[in-house]
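Here is what each chain is made of, one letter per residue.
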Amino acid sequence: MEPMRGPTHTRCAISSCGWCDQDGVECRFCSGTGWWRPERPHRDGSGVIVWLRVDEPCRGCAGTGKEHSPTAVL
């Protein structure tokens, strides 16, 4: 991407994204929802570490629901 030129896609900042150019390609991490539910360690009152689910935007697709892979051969 040229530094002084804006992205050509609304989903990502990659000017030539093969995934954004395709229709129906969902992110394999969030199944196209844009959100995922990873687990985070948490120490409870008695000192035991438990795992809590948290909802956050998907890191695999930047919360867009479409996975970006500019180096992939399509």
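What you see is a predicted model, and the numbers here were worked out from it, not measured in a lab.

Enquirer: Sorry if this is basic, but what is going on with the overall build of the protein chain here?
Expert: Helix and strand counts for the protein chain come out as 1 helix and 4 strands. For the protein chain, the α and β elements follow one another from N to C terminus as α-β-β-β-β. Carbon together with sulfur atoms contributes 52% to the accessible area of the protein chain, which is approximately 5,500 Å² in total.

Enquirer: Where do I start with the pairing of strand S3 (residues 49-53) in this structure?
Expert: Working note: regular strand, side chains alternate between the two faces of the sheet. When strand S2 (residues 39-43) meets S3, the two strands line up antiparallel, connected through 5 bridges. When the bridges of S3 are listed, Glu 39 appears paired with Arg 53. Hairpin connection from S2 to S3: 5 residues lie between these consecutive antiparallel strands, with Gly 47 at a positive phi of about 95°.

The rules we used
Residues numbered from 1 in each chain as written. Predicted model: local features only at pLDDT ≥ 70, side-chain atom pairs only at ≥ 80, totals over all residues. Heavy atoms only, no water. Helix = DSSP H or I, 4+ residues; strand = E, 2+ residues; numbered from the N terminus. Areas by Shrake-Rupley, 256 points an atom, 1.4 Å probe, with all protein chains shown as cover. Pairing = 2+ DSSP bridges.

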